[in-house]
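Listed below are the residues making up each chain.
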Amino acid sequence: MTQETTPRTPVRRRWSPWTLHGDGRTIARGEVVRPDERLSWPRTMGIGVQHVVAMFGATFTVPLITGFPPATTLFFSGIGTLLFLLITRGRVPSYLGSSFAFIAPVLAAKAGGDIGPALGGIIVAGALFAAVGAIVQWAGSRWIDTLMPPVVTGAIVAMIGLNLAPTAWDGGGDGGVKAQPLIALVTLAAILITTVAFRGFLGRLSILLGVAVGWAYAAVAGGLPADALDNLRNAAWIGLPDFHAPTFTWHAAVLMAPVVFVLIAENAGHVKAVAAMTGRNLDREMGRAFMGDGVATMLAGAGGGSATTTYAENIGVMAATRVYSTAAYLVAGLSAILLGLSPKFGALIGTVPVGVLGGATTVLYGLIAVLGARIWIDARVDFQNPVNLMTAAVALIVGAADYSVSAGEISFHGIALGSFAAIVIYHGMRAITRLRGEQDPPAAGAPPSATTGSTAG
């Protein structure tokens, strides 16, 4: 008599919400590490550190522009990420970094250099966004799908990548590829070569390794900023970040409130992008994602940090690594908190050459733009339909060119205007089509689902 055996299934430890993906070391071709899975902890820690590196440029750029303390922003981005994972029950992989959408209203809200009113406005915007999330969680996200179907969300995601493209070139000023083209080229080449030259785990750390190679080359070539090296030598190893208390004014609240519409479009686009890449429908988590980001933004504003948002840069990392494990984001959040408590680390980040960031963001921002196209492909959006074609065409140009409109002290820029244009054009043209008595075309695209989504890579 032979004894029957049953195949072994992954065992989830009682204390861990993640199952081990395969042997924990390799990812088979065509597979991804899903949010509820993880690689071995050493590999997960490496991926988590790479996520921290990926968000450095943007997360530190925002406070430097707005006059907020960078270490405080890093500290609250880590706490915000952990809150986001808790509120979304570990089902939505995302890092919460500094939001570029708040730059213009924050600068307008600062009174005589005091960031207090701006912090109060950030809290108001976070509360409004959390309230929208609660409504979505209660009423469902169907109205979000109706308001922003795949042709719209794909355009918004692609537009975000294209809107960020000039930042890769000049760093928002005198940095980026423009300032140090050779260093940027070495960094970019290292990322590309690492991606295909190494198999397994090393190949999935291409962004981190590319930054390290570019950083080392800049040190040898004399491309490190001298004043930053002096700050590094004088900085303490351990210390609390600078906390600031908010003050509340109607002026700041009015300036910040419209940013909520950008956050809705941005977060919905990011969630849709992750859903498309993982092959899972995350619509039920949309409201929780909004609430998580809103609460994290409120907390950051209460202590002196920049407002947060789900980060496209980290979505780019996931697309490159095919690792969507929320365990990696747990590592990233804890790492950011610890690093935010080290003034020495903040000074170390200041030594990263602008050319290195330019080379790395060239890859990351490009991946974001391509992910928008992937949403269209996965949803089978028909661009023979003029409604879809015009919606995407106008939105992409408005976002990529960074159009701006001002009404008094309130300004709206590329991402906000492009998102608004995509929504208005899509629904406006459809309404006119129906008024003419023509059949509403079914080719507007269906939301990505577990059946239409495909894996990255």
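Residues numbered from 1 in each chain as written. Predicted model: local features only at pLDDT ≥ 70, side-chain atom pairs only at ≥ 80, totals over all residues. Heavy atoms only, no water.

Peer 1: Is there a simple way to explain the overall build of the protein chain in this structure?
Peer 2: Across its full length, the protein chain carries 20 helices and six strands. As presented, the protein chain carries roughly 19900 Å² of accessible surface, and 65% of it is formed by carbon and sulfur atoms. (Helix = DSSP H or I, 4+ residues; strand = E, 2+ residues; numbered from the N terminus. Areas by Shrake-Rupley, 256 points an atom, 1.4 Å probe, with all protein chains shown as cover.)

Peer 1: What am I meant to see in the packing of aromatic side chains here?
Peer 2: Each pair of aromatic rings is reported with the distance of its centres and the angle of its planes. Scanning the entire structure with this criterion turns up six aromatic pairs. Within the aromatic cluster, the residues linked to one another by ring pairs are Phe75, Phe76 and Phe243. Note that lysine 344 overlies the ring of tryptophan 237, its terminal NZ or CZ placed 5.1 Å from the centroid. (Phe/Tyr/Trp six-rings, centres within 6.5 Å; stacked < 30°, edge-to-face > 60°. Lys NZ or Arg CZ within 6 Å of the ring centre and 35° of its normal.)

Peer 1: Would you mind showing me how to read the pattern of salt bridges here?
Peer 2: Between side chains of opposite charge, a pair can form when the charged atoms approach closely. Summed over the entire model, instances satisfying the criterion amount to three salt bridges. A salt bridge links glutamate 285 to arginine 91; the nearest nitrogen and oxygen atoms lie 3.3 Å apart. Of this pair, glutamate 285 sits in the loop between α13 (259-278) and α14 (286-303) while arginine 91 sits in the loop between α2 (70-87) and β3 (96-98); the two residues are 194 residues apart in sequence, bridging distant segments of the chain. Using a relative accessible area of 5% as the deciding quantity, one classes glutamate 285 as buried. By relative accessible area, arginine 91 is classed as partly exposed at 42%. Aspartate 378 serves as the salt-bridge partner of arginine 374, at 3.5 Å between the closest nitrogen and oxygen. Pair noted here: arginine 374 and aspartate 378 are both in helix α18 (residues 354-378), with a separation of four residues, about one helical turn. Taken as a pair, arginine 374 and aspartate 378 share a single burial class, namely buried. One network of salt bridges, with partners in common, ties together Arg89, Arg91 and Glu285. (Salt bridge = Lys/Arg side-chain N within 4 Å of Asp/Glu carboxyl O. Buried < 20%, exposed > 50% of the residue type's maximum accessible area, 1.4 Å probe, protein only.)

Peer 1: What am I meant to see in the side chain of aspartate 293 here?
Peer 2: Considering the arrangement of structural elements, one finds aspartate 293 in helix α14. Despite its burial, aspartate 293 pairs with no opposite charge; the closest candidate is arginine 288, at 15 Å N-O. The residues touching aspartate 293, leaving out its near neighbours within four places in the chain, are Phe84, Leu96, Phe129, Asn267, Thr308, Thr309 and Thr310. (Lys, Arg positive; Asp, Glu negative; His and termini not counted. Contact = heavy atoms within 4.5 Å.)

Peer 1: Just to check I follow, could you spell out the side chain of serine 419 for this structure?
Peer 2: Relative to the helices and strands, serine 419 is located in helix α20 (residues 414-435). Here serine 419 is in contact with Ile156, Met159 and Ala265, once residues within four sequence places are set aside.

Peer 1: How should I be thinking about the environment of valine 106 in this particular structure?
Peer 2: Summarising the element assignment, valine 106 is placed in helix α3 (residues 103-109). Taking the C-alpha atoms as reference, valine 106 lies 5.3 Å from alanine 118; in sequence the two are twelve residues apart. Excluding residues that lie within four positions of it along the chain, valine 106 makes contacts with Thr66, Phe68, Ala118, Ile122 and Met256.

Peer 1: Looking at this structure, how should I read a nonpolar patch on the surface?
Peer 2: On the surface, a nonpolar cluster with roughly 260 Å² of combined accessible area is contributed by Ile135, Trp143 and Leu147. Tracing the sequence through the fold places tryptophan 143 in helix α5 (residues 142-147). (Patch = residues over 30% accessible without salt bridge, like charges linked within 9 Å, V, L, I, M, F, W, Y side chains within 5 Å.)

Peer 1: Could you clarify how one ought to interpret the confidence of the model for the protein chain in this entry?
Peer 2: Residues shown with low pLDDT carry predicted positions that ought not to be read at fine detail. Residues of the protein chain with pLDDT of at least 70 account for 87%, and the chain-wide mean is 80. Segment residues 443-457 is flagged for pLDDT under 50; beyond a separation of four residues in sequence, or across chains, it makes 51 contacts in the model. (pLDDT = per-residue confidence, 0-100.)

Peer 1: Hey, could you run me through the nonpolar core in this one?
Peer 2: Across soluble globular proteins, nonpolar side chains have a tendency to be buried as a group. Phe102, Ile122, Met148, Val152, Met256, Ile264 and Phe290 are the most contacted members of the largest nonpolar core, which totals 95 residues. The dominant element in this core, judged by the number of residues it contributes, is α13, at twelve residues. (Core = buried A, V, L, I, M, F, W, Y, C linked by side-chain atoms within 4.5 Å.)

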